[in-house]
Amino acid sequence: MAIPVHSQKPKILIPEKVSPDGLALLQGQFEVDEKKGLSADELKSIIGDYEALIVRSETKVTADLLNAARKLKVVARAGVGVDNVDVESATKHGIIVVNSPSGNINAAAEHTIALMMSVARNIGDASSSIKNGKWERSRLVGVEAKGKTLGIIGLGKVGLTVARIANGFGMRLIAYDPYANKNLAAAASVTLKGSLAEILKDADFLTLHTPLIASTKGMIGATELATMKPTARILNVARGGMIDETALVEALDAGTIAGAGIDVFTSEPPQSDSSASRLIAHPKVVATPHLGASTKEAQENVSIDVCEQVVSILSGELPRSAVNAPIILPEEFRTLQPFVTLLEKMGSLYTQHYSTHLTASGAASKSFRTTFDITYEGALANLNTTKPLFAALVKGLLTPITSTDGLNINIVNAELLAKERGILINEQRSRENVEDKPYSSFVTLRARASRSPSHARSDLSRSNSPSAARSLRPQEDEDQVIQGFVSGNKPFISRLDRFKGEFVPRGTLLIARNYDSCGKIGFVGSLLGKAGVNIKFMNVAPLHEDIDEGVADVEGSEALMILGVDRPVGEDVVKKLISEEGVLEASVVTL
Ligand SMILES: NC(=O)c1ccc[n+]([C@@H]2O[C@H](COP(=O)([O-])OP(=O)(O)OC[C@H]3O[C@@H](n4cnc5c(N)ncnc54)[C@H](O)[C@@H]3O)[C@@H](O)[C@H]2O)c1
Ligand SMILES: O=C(O)[C@H](O)COP(=O)(O)O
């Protein structure tokens, strides 16, 4: 009987033609399935097996498809436009959408210029005429670009590149883009106009370079076309749907617009008998099948760009161009990565420690809280964004108590998921000098006591009272505190509640609070030995220096014992441990 072999490698689905240059980066570490020509139903039936989906503009990544994607972590668009991806639905699922915002700009700009010159010089018409054995020199007289006005709608990456090339042709450049960068426009010799109408009336060539969004959908209709010069020519290498195709065919027929160069259509491929297909067939139109980005160079660029990001995401790192998350600078990312690990460990330690500890009375105590202050001190306080740290904390807090099947907690959805669970996290930065410390940055997680913040007192000040000394686990009206730092790229916990002591938050840890008296270490060691649990390291954390004063007077000082063990410790063993005189409570956490 054949034994089925199950691949352990994460699977990546590529249902469109994507350049092999980027795909080469995926070989080896991932199972890459290139499956072209899938119907929407076929795609839906297999998407559940995949961690990553790489598409161009043809695949419709709908909410329905994303609902069926159980393991999907990333949708990568090998190109710029994500209008074929339901980004909102992806965000809800915690799926990161990445694209390649600059890999095909030049290709799209050059294609625009190619269409402009083809329309100006009747290249399409002339080419088919001569191929049909004709020699029509007088019918095919064109116009020059030099000295003409080019009206640009949308002066972003492609629009500006078109402007720079057209400037070299000696064209007069005007643009409408309410959000354009004025300095970049001036540097490209573009005059920005305050309204679309000003562009329409002056343009000899009109070119569109905006995204297809509510404000641009149908922005050039019959009314707008009627305000243009009858000699004007229109170019669209951006998106179908911004020009009313029926109105344009009518204007070309009526001779109120001289010609058009069109690469993109309302529906792609256009249906026969549609306005788009009438536009394509029109003798005054040069049409291409969405070829703006189809150059060898652009396809290499976008493929490498998104495949690198897929590798990052599937390796637990951050992408460079996430559409539904803030962009992180690579150098910032390098600083953040060890802290991302620290924050996740702190969150997980918090949830496990406060959800599972057993007290001396034998009762399981659950003191998990939902309102937190997280303070970043030192160099971390200067970060542009702490979103990845926030997400890591939420992930750490929630993962031990959530079924993570099908739910990725990441920078995209962390805030939403925390809110859904009623968790409030207030981020603070403190630029206090940490130069005298062995670390450059320091993080404090403080779970607020169930009292109103305005009455909140520091747990440190409160602990100086004799009554506080009786129970050194924070009481209901006291904050719970975990502090940590990174040294040599390794995360350390440096404080847990009132106890200071450095330990590495990794593996299974037994955390026991006890009176600081002789014999405790020997007792714990022999108990664990009998249970077959090996101790890998041990750390005794005394009371935090700020608070031990006065405590010893009452019941003898306390300490926290942190033992790294080689396997989970059973509840029966923990119960025996806390039955020992002087062991007050214990918890087992796996980090
Ligand atoms: N045909 C292709 O193969 C191809 C290739 C690349 C890009 N594109 C498309 O080209 C378009 C431009 O891409 P880009 O990379 O330059 O985008 P971009 O985001 O850099 O630029 C878009 C510009 O449009 C402006 N804008 C937004 N709303 C506007 C409005 N209502 N009126 C006027 N201006 C408005 C923005 O301010 C921005 O400057 C996109 O639609 C993209 O999908 C097509
Ligand atoms: O948005 C884009 O990047 C372009 O429209 C290119 O689309 P394509 O990858 O399907 O050629």
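Thresholds, definitions, all that
- Throughout this description, residue numbers start from 1 for each chain and increase along the sequence as written.
- Chains carry letters and ligands carry numbers; both start at the beginning, A for chains and 1 for ligands, and go up in the order they are written.
- Totals for whole chains, interfaces and linings use every residue, but because this is a predicted model, local features are given only for residues with pLDDT of at least 70 and side-chain atom pairs only at 80 or more, for both listing and counting.
- Each side-chain value is derived from all of the structure's non-hydrogen atoms; neither hydrogens nor water enter the calculation.
- UniProt positions are given in the numbering used here, feature names are shortened, and annotations may be inferred rather than shown by experiment.
- A run of H or I in DSSP becomes a helix once it reaches four residues, and a run of E becomes a strand once it reaches two; helices and strands are each numbered from the N terminus.
- Only protein chains enter the area calculation, which uses a 1.4 Å probe; residues under 20% of their type maximum are buried, those over 50% are exposed, and those in between are partly exposed.
- Here, two residues are considered to be in contact whenever any of their heavy atoms come within 4.5 Å of each other.
- Each accessible area is a Shrake-Rupley result for a 1.4 Å probe, and residues are judged covered by the shown protein chains and nothing else.
- A molecule or strand has a residue near it when one of that residue's heavy atoms lies within 4 Å.
- Nitrogen and oxygen atoms within 3.5 Å of one another constitute a polar contact, given that in protein one can donate a hydrogen and the other can accept it, and given that sequence-neighbouring residues count only through two side-chain atoms.
- Any residue that is not Ala, Val, Leu, Ile, Met, Phe, Trp, Tyr, Cys, Pro, Asp, Glu, Lys or Arg is counted as polar, Gly included; the first ten are nonpolar and the last four charged.
- The pocket and cavity definitions rest on a 1 Å grid over protein atoms only: a 1.4 Å probe that fits but cannot leave marks a cavity, an open set with protein on both sides within 12 Å along at least five of seven lines marks a pocket, and residues lining either have an atom within 4 Å of a point.
- Grid points are joined across faces, edges and corners, and a volume is the space filled by probe spheres set on the points.
- The criterion for strand pairing is that DSSP finds at least two bridges linking the strands in question.
- Axis angles are defined between N-to-C directions and span 0 to 180 degrees, where every axis is a line fitted to C-alpha atoms and, for a helix, only to the segment in contact.
- Each Phe, Tyr or Trp ring, with Trp reduced to its six-membered ring, pairs with another whose centre is within 6.5 Å; inter-plane angles below 30 degrees give stacked pairs, above 60 give edge-to-face pairs, and intermediate values give tilted ones.
- Any angle between 65 and 115 degrees counts as roughly perpendicular, while under 35 counts as roughly parallel, over 145 as roughly antiparallel, and the rest as oblique.
- Left-handed describes a crossing whose near helix is turned anticlockwise from the far helix through less than a right angle; right-handed describes the clockwise counterpart.
- A residue counts toward a patch only above 30% relative accessible area and without a salt bridge, and it is joined to like-charged neighbours within 9 Å or, for Val, Leu, Ile, Met, Phe, Trp and Tyr, to nonpolar neighbours within 5 Å.
- Basic side-chain nitrogens of Lys or Arg form a salt bridge, by our definition, when they fall within 4 Å of a carboxyl oxygen of Asp or Glu.

You'll find the protein entered in an unreviewed UniProt entry as D-3-phosphoglycerate dehydrogenase, with Polyplosphaeria fusca given as the organism. Of the protein, the UniProt comment under Sequence similarities (unreviewed entry) reads exactly: "Belongs to the D-isomer specific 2-hydroxyacid dehydrogenase family." According to UniProt, the comment filed for the protein under the heading Subunit (unreviewed entry) is "Homotetramer."

### Comments concerning the overall build of the protein
The secondary structure content of the protein amounts to 21 helices and 23 strands. Per-residue burial for the protein yields a buried fraction of 51% across its 591 residues. Residue pairs in contact within the protein that sit at least 24 positions apart in sequence constitute 68% of those at least 6 positions apart. Accessible surface for the protein amounts to roughly 27200 Å². Of this, 52% is attributable to carbon and sulfur atoms.

### Points about the site of ligand 1
Not every one of the 27 residues close to ligand 1 is listed here, only the nearest: K157, V158, D177, T210 and V237. Residue G292 places a main-chain N or O atom 3.4 Å away from an oxygen atom belonging to ligand 1. Contact between ligand 1 and A293: an oxygen atom at 3.1 Å from a main-chain N or O atom of the residue. Across the complex, the protein chains shield 87% of the 870 Å² of accessible surface that ligand 1 would expose by itself. Of the residues belonging to the shell around ligand 1, the class tally is 13 nonpolar, 10 polar and four charged.

### Here's the deal with the site of ligand 2
By nearness alone, every residue bordering ligand 2 is listed as R56, S57, R77, A78, G79, V80, G81, N104, R239, H290 and A293. One of the side-chain N or O atoms of R56 is found 2.8 Å from an oxygen atom in ligand 2. Grouping the constituent residues of the shell around ligand 2 by class yields three nonpolar, five polar and three charged.

### Points about empty space enclosed by the protein
All told, the structure shown has three cavities of 30 Å³ or more when counted by the stated rule. Residue lining of the second largest cavity: N236, G240, G241, I243, E245, I262, V264 and L279, and that is the complete set. Residue composition of the lining of the second largest cavity, by class: four nonpolar, three polar and one charged.

### Examining the sheet that holds strand β19 (residues 499-503)
In sheet architecture, strand pairing relies on hydrogen bonds along the backbone and comes in two forms, parallel and antiparallel. The strand order β15-β14-β16-β17-β18-β19 describes an open sheet built from six strands, whose pairing is mixed. Unpaired on one side and paired on the other, β15 (424-430) and β19 mark the two borders of the sheet. Along the sheet, successive strands turn relative to each other by an average axial angle of 20°, direction set aside. Two strands pair when backbone bridges link them, and strand β14 (residues 371-378) and strand β16 (residues 441-447) are joined in this way by seven bridges, in the antiparallel orientation. In the strand pairing of β16, I374 is matched with L445. Contacting β14, β15 and β16, helix α15 (residues 387-398) runs over the sheet at an angle of about 140° to β15.

### Considering the packing of aromatic side chains
For the structure shown, the criterion picks out three aromatic pairs. An angle of 40° between the planes, with centres 4.6 Å apart, marks the rings of Y350 and Y354 as tilted. Taken as a pair, Y350 and Y354 lie in helix α14 (residues 330-356) at a separation of four residues, close to a single helical turn. The buried category is assigned to Y350, whose relative accessible area is 1%. Between Y350 and F372, the aromatic rings sit 5.0 Å apart at their centres with planes inclined by 85°, giving edge-to-face as the arrangement. With Y350 in helix α14 and F372 in strand β14, the pair connects residues that are 22 residues apart, well separated along the chain.

### Section: the packing of helix α19 (residues 520-530) against helix α21 (residues 571-579)
Axis separation between α19 and α21 bottoms out at 11 Å; the angle between their running directions is 155°. Between α19 and α21, the crossing angle belongs to the class labelled roughly antiparallel. Of the two possible hands of crossing, α19 and α21 adopt the one that is right-handed. Residues F523, V524, L527 and L528 of α19 touch α21, and the partners they reach there are V573, K576 and L577.

### Details of the environment of V310
With respect to the helices, strands and loops of the structure, V310 is situated in helix α13 (residues 296-314). If we skip the residues at most four places from it in the chain, V310 touches I12, L26, A52, I54, V74 and A76.

### A look at a nonpolar patch on the surface
On the surface, a cluster of nonpolar side chains totalling about 300 Å² of accessible area is made up of I521, I535, M538 and V540. Looking at which element gives the most residues to the nonpolar patch, the answer is strand β21 (residues 535-542), with three residues. Relative to the elements of secondary structure, M538 occurs in strand β21.

### Observations concerning the pattern of salt bridges
Per the stated rule, a full pass over the model turns up 19 salt bridges. Notably, a salt bridge pairs K44 with D64, separated by 3.2 Å at the nearest N-O pair. Highlighted residues: K44 in helix α2 (residues 40-46) and D64 in helix α3 (residues 63-67), separated in sequence by 20 residues. By relative accessible area, D64 is classed as partly exposed at 42%. Among the charged side chains, a network of salt bridges with common partners joins D125, E136 and R139.

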